[in-house]
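# Analysis of the macromolecular model
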Amino acid sequence: MKAIVYTKYGSPDVLELKEVEKPIPKDDEVLIKIYAASVNAYDWHFLTADIFLIRFMGGGFFKPKDHRLGADVSGRVEAVGKNIKQFKPGDDVFGMIRGGFAEYACAAENLLALKPYNLSFEEAAAVPMAGSTALQGLRDEGKVQPGQKVLINGASGGVGTFAVQIAKLFGAEVTAVCSTRNLEQARSIGADHVIDYTKENFTKSDKHYDLIFAANGYHPLSDYKRALTPKGIYIMAGGSKAQIFQAMLMGKLMSEKGGRKMGGVSAKRSQKDLAFLKELLEAGKVVPVIDRRFTLSETAEALRYLGEGHARGKVVITIV
Ligand SMILES: NC(=O)c1ccc[n+]([C@@H]2O[C@H](COP(=O)([O-])OP(=O)(O)OC[C@H]3O[C@@H](n4cnc5c(N)ncnc54)[C@H](OP(=O)(O)O)[C@@H]3O)[C@@H](O)[C@H]2O)c1
């Protein structure tokens, strides 16, 4: 089968499209024929090791341990191991696995859910990581409540477009922060208010938010804190390296007992959350926003495009 592989850390130039052995499912694995994948900053970090911690997090210190990339996929179950209970050959699935930039991959069944019936494979592959990050960040870490004022910084990217829609579903009044060209997109997915970050710095205004979800961009942690209501919560999902490190190092210290909380979200692979997202998608309550589509042989180009930091929604790889 064809797969994207890499044997050293580096830019997308180190990626190769190779003919490799088709994987065989173990007793507790499902073999998926992958129809579509999507690219995430997660893939970028494992490709480049730009965040040094990757080398300690199972990535391999000097070179990648696992030569495969690609977390988000959708496809059809081709075979199942003897302990598999939830899926059978012919089922269409989506999920967050390893080695998704390939024609086939094996995965544990708890990493997968049935594909929303009304979505194409490309649309379904756009969901798992970005949708889970937005859901877990807003609902589990941010404790979003109806009527709350929620601000999403970086509202026009993969995570942000899900965050706007999910915050609205939880009944929040949503302010989306993005650049001029994406204001209309933010409104079209449900944002009540939009702020153009090229013209206005929301942390300098006198408006305060019950929940700020930082998907992208950068503001000092103290500025975010100032923009919160007295019991407001800040959740960092991603953004510039400075944003990530400040939230990781200083977040707890800057949180107040009984007052403002400064936290973050690290997306977990949750089958329950995939099933929850599937329901929302099938009901048309959440719609994946897809920016560009690439083929498997164009994966390096797709990652380069993502790496520029201005994707409008998700970037998808069509495999067949
Ligand atoms: N915590 C987790 O578990 C987790 C999971 C997934 C992703 N992440 C992280 O979350 C972040 C976002 O991921 P993503 O997939 O949404 O990335 P993405 O799709 O590449 O985000 C691109 C978007 O970010 C916007 N943006 C760029 N600079 C901005 C700024 N200064 N202010 C506001 N928006 C800005 C761009 O809009 P313009 O073109 O309008 O500038 C573009 O629409 C990444 O850092 C990623 O590593 C974390």
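Look above for the structure.
Residues numbered from 1 in each chain as written. Predicted model: local features only at pLDDT ≥ 70, side-chain atom pairs only at ≥ 80, totals over all residues. Heavy atoms only, no water.

## Some points on the site of the ligand
The test is simple: Nearness is defined per residue: one heavy atom within 4 Å of the molecule or strand is enough. Two N or O atoms form a polar contact when they lie within 3.5 Å of each other; inside protein one atom must be a possible hydrogen donor and the other a possible acceptor, and for residues adjacent in sequence the pair counts only when both atoms belong to side chains. Helical segments are the DSSP runs of H or I of at least four residues, strand segments are the runs of E of at least two, and each set is numbered from the N terminus. Gly is placed with the polar residues, together with every amino acid not listed as nonpolar (Ala, Val, Leu, Ile, Met, Phe, Trp, Tyr, Cys and Pro) or charged (Asp, Glu, Lys and Arg). Here the limits of each domain have been adopted from an automatic or database domain assignment.
Not every one of the 27 residues close to the ligand is listed here, only the nearest: Ser179, Tyr197, Val265, Ala267 and Ala311. Ala237 is positioned such that a nitrogen or oxygen atom in its backbone is 2.9 Å from a nitrogen atom of the ligand. Within the side chain of His310, one N or O atom sits 2.8 Å away from an oxygen atom of the ligand. Secondary structure elements with two or more residues in the shell around the ligand: helix 1 (41-48) and helix 4 (158-169). Among the residues making up the shell around the ligand, the classes are represented as 9 nonpolar, 17 polar and 1 charged. Of the domains in this structure, domain 1 (2-127 + 288-318) and domain 2 (130-264) are the two that each give at least three residues to the shell around the ligand.

## Thoughts on the pairing of strand 13 (residues 261-264)
Look at any regular strand and the pattern is simple: side chains alternate between the two faces of the sheet. The following threshold applies: DSSP-based pairing: two strands are paired if at least 2 bridges between them are found. By convention a crossover is right-handed if, when the strands point away from the viewer, the path from the first strand over the helix to the second runs clockwise.
Pairing of strand 12 (residues 228-236) with strand 13 involves 4 bridges; the strand directions are parallel. The residue of strand 13 that forms the bridge with Met236 is Gly264. Handedness of the strand 12-helix 7 (residues 241-254)-strand 13 crossover: right-handed.

## Quick look at the packing of aromatic side chains
Under the convention used in this document: Between rings of Phe, Tyr and Trp, where Trp is taken as its six-membered ring, a pair exists when centres lie within 6.5 Å; planes separated by under 30 degrees are stacked, by over 60 edge-to-face, and by other angles tilted. Only protein chains enter the accessibility calculation, which uses a 1.4 Å probe; a residue whose area is less than 20% of its type maximum is buried, one above 50% is exposed, and one in between is partly exposed. Look at NZ for Lys and CZ for Arg. If either is within 6 Å of the ring centre and within 35 degrees of the ring normal, a charge sits over the ring.
A complete count under the given rule lists 7 aromatic pairs for this structure. Plain terms: the ring middles of Tyr35 and Phe121 are 4.5 Å apart, the flat faces sit at 75° to each other, and that makes the pair edge-to-face. Residue Tyr35 is located in strand 3 (residues 29-39), and its partner Phe121 is located in helix 2 (residues 121-125); the two are separated by 86 residues in the primary sequence. When its relative accessible area of 17% is taken as the criterion, Tyr35 is described as buried. Seen from their ring centres, Phe294 and Tyr305 are 6.3 Å apart, and the 45° between their planes marks the pair as tilted. Linking Phe294 in strand 14 (residues 290-295) with Tyr305 in helix 9 (residues 299-307), this pair joins segments that are 11 residues apart in sequence. The buried category is assigned to Tyr305, whose relative accessible area is 15%. Pairwise contacts between aromatic rings join Phe202, Tyr209, Tyr224 and Tyr234 into one cluster. Seen from the ring of Tyr104, Lys22 lies directly overhead, with NZ or CZ sitting 4.2 Å from the centre. Residue placement shows Arg292 over the ring face of Tyr305; its charged tip is 4.5 Å from the ring centre.

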